[in-house]
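# Geometric and topological summary
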Amino acid sequence: MVGTNQISSELVTSLHKGAPLADRQLQLKPGQILSGKVLELYPNQRASILLGNQQLTAQLQAPLNLHENYWFQVQSVDKLLRLKVIADKATNKRTQGIDVLLKSIGLKNNKNNAAFLMELFDEKIPFDKENIKDAVHLLEKQSNKKMAQSTLIEMIKHKLPITQSVFNALLMKSSTSLTEQISTVLSALSNENDLTSAALQLRQQLQLINNENTNHNIIETIASSAAKGETSFFQLLKVAGEIPSSTQFDQWKGSWTNWTNKSDFKPPFGVDESKLIDALQQLKMKQLHLSQPEHSQLVKFINQSELALNGADSMQVNRLKNLFLSTANLQRIYSKLPSSYQSLLTKWLDEPTKNNLQQMLTPLKQLVDKQLNSEMDKNMTELLVKSELGQLQVAKNPRDHFITQLKHFLYFSGSQYENDFLTSLMNQKNLNEQNSLKSTLIQVMQEGNLNNTKAIESLIHLLNGVQLTSVQENNTMMLVNFQLPGGSFGLTKDLQISFESQKDKSNQINPDYCHILFYLQLEKLGDTVIDMQIQKRMVTITVVNDKPQAEQILSQLKPTLNEGLKQLDYQLSSVQFRSNTPEKKAIDTSPSNNYDKEQPLSRGVDYKI
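Residue numbers here run from 1 along each chain, matching the order of that chain's written sequence. Totals for whole chains, interfaces and linings use all residues, but because this is a predicted model, local features are given only for residues with pLDDT of at least 70 and pairs of side-chain atoms are given and counted only at 80 or more. Excluding hydrogens and water, the side-chain figures rest on all heavy atoms present in the structure.

### Quick look at the pairing of strand β8 (residues 477–484)
For the exposure calls, accessible area comes from a 1.4 Å probe over protein chains only, and a residue counts as buried if that area is under 20% of its type's maximum, exposed if over 50%, partly exposed in between. Think of it this way: any DSSP run of H or I at least four residues long counts as a helix, any run of E at least two long counts as a strand, and we number them from the N terminus. Of all the eight residues making up β8, six are buried; the element is thus mostly covered by neighbouring parts of the structure. Two strands form a pair only when DSSP identifies at least two bridges running between them. Both strand β7 (residues 471–473) and β8 contribute to a ladder of three bridges, which runs antiparallel. Pairing of V471 across the sheet is with V480, part of β8. Note: β8 against strand β9 (residues 495–503), eight bridges, orientation antiparallel. When the sheet's bridge partners are listed, Q483 is paired in β9 with Q496.

Encoded structure:
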């Protein structure tokens, strides 16, 4: 990790030990080369081989010695794994067989190539000839062999394409941070005399991500969207109740066009920034954050409820109750509902009458009508972040502030740029309309008008690296990594989050079983790791920090944490504090010179989540 000391890096590594999903199930394919140990020998040249962490039975093409290591190449993976021995002698020592292997692949037997293969051997990572040739070719061109080798190992381990662009992306991710690179680009832009419109847009985007005041006019943002014929802001303001539901889009677009041309003082439809921000905040509080299957299931349940109310068969209501109790998605939805809605549902489940169903259904329908799709949620996030009033409203609640800034970066950084690019080609749209940070960076690069394009290129590589390492998943688990610029949260370094979860029956994240790891570099408290384990909605939290005052702050925050988790239907099991200072070194628990017990809590806290 960039900017972390050795102890902190080792700590994060130890907490993640065994976490990469690629390690958990070895997926072999023909042509791959890997080391293995012979555990048992069977008749007909079959053997039990330890490959990585898995014991497999394989058909061999040559006799082998028991309990010895060999280099194997996968021939086939049908009903029986077939392996070919590459080196004709055992490789019980790390250096044995490397020269033979290099020769069989067609690579020079030199120090760097041998060290690279030995690293793959030690990590038990399978590879194929073409990948290793491409990797060595990239390695030869790098001056910092150690960092380049580490990057290439990760590329092979996670089965990423061995290309120059992927290598540049991951190498940049391991050598700098978003916070540093954004500052570098802003500095480069400030040294330019005449900026193009794309470069000006880039500066605004970066300042917004850095949480700097850029005096955005959200009324003009809405007007610009209407002029382009975009309906998402129109739909958002309808749901928020800021324009009449009977308003047609042509009427909306025409009114904003006239307002822009005539520069009337008052925006059409009485749209006012202060009222709009209040309405969006209220709308945001009503969001249930349902997955698409959950939303579809809830709409289906409401439709079935209306049929039951209008039907003559009284047993329909009972059947509806049984359906609700037996549907996993509806049970999850129940846990996400506000307590007042849960009470109405519980009353109906306890006494499934038409009257109780009607009392429950009316407010539930109103709540569902207030749910936003992803495009409207993106627009709401944009308005809240761009508006100074919106920022002030959001900042009142640390959780709300964190989620809003997280969404803003994910929506507008360009993590979906390549997908948007393909969609724009299919729909014959101009990609420049996709106002993401990455698309603007690429546009500025292509214009070639800046003196320092290296900083722009480096930030593009870094965003690609963050994107490439953001998600890993298999049939049962999902691992999501977030790396966010610290400026959005008032931090001087990047905020990093790893989220690991089991998948439920519908292939969604299971919030009952997950592991969340926060890594923070705080101005007052320094390197801090928050390790959060969730088992059956029981939450165990371990905070690791070397500062004596951190434990005191943690104990003060515990009641707030406990109450917040209760509201989300989680139960706090324990909160532990751990110093990363070696045990033999005494930990001074007395207040430090720059920290006073009597000071307000907020003066000793960098950021609350």
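### Focus on the nonpolar core
Working definition of a nonpolar core: buried Ala, Val, Leu, Ile, Met, Phe, Trp, Tyr and Cys residues. They are joined through side-chain atoms within 4.5 Å. Of all hydrophobic cores here, the largest spans 53 residues; its most connected members are L202, L206 and L459. Per element, the largest residue contribution to this core is seven residues, and it comes from helix α24 (residues 453–468). With sequence-adjacent residues up to four places away left out, L206 is seen in contact with I182, V185, L186, L189, L437 and L459. If you look at the next biggest cluster of nonpolar residues, it comprises 32 residues, including L120, I125, F127 and L170. Here a residue-residue contact requires only that any non-hydrogen atoms of the pair lie within 4.5 Å.

### Digging into unusual backbone geometry
A negative phi holds for most residues other than glycine; trans holds for most peptide bonds. If you check the backbone angles, N211 has positive phi at about 65° while not being a glycine. The exposure class of N211 is partly exposed, given its relative accessible area of 35%. The residue D569 is not glycine, and still its phi comes out positive at about 65°. Topologically, D569 is positioned in the loop between α25 (548–567) and β13 (571–578).

### A short note on the sheet that holds β8
The sheet built from seven strands is open, its strands ordered β7-β8-β9-β10-β11-β12-β13 with mixed pairing. Two strands lie at the open edges of the sheet, namely β7 and β13, each paired on one side alone. Here the strands of the sheet are splayed against their neighbours by 10° on average, with no regard to which way each runs. Two elements, strand β11 (residues 526–535) and strand β12 (residues 538–545), share eight bridges in a ladder whose sense is antiparallel. In the sheet register, I534 faces β12, and the bridge partner there is V539. Along the sheet, helix α21 (residues 398–412) contacts β8, β9 and β10 (509–522); its crossing angle with β8, the most-contacted strand, is approximately 90°. Axis definition: a line fitted to C-alpha atoms, limited for helices to the stretch in contact. Angles are taken between N-to-C directions and run from 0 to 180 degrees.

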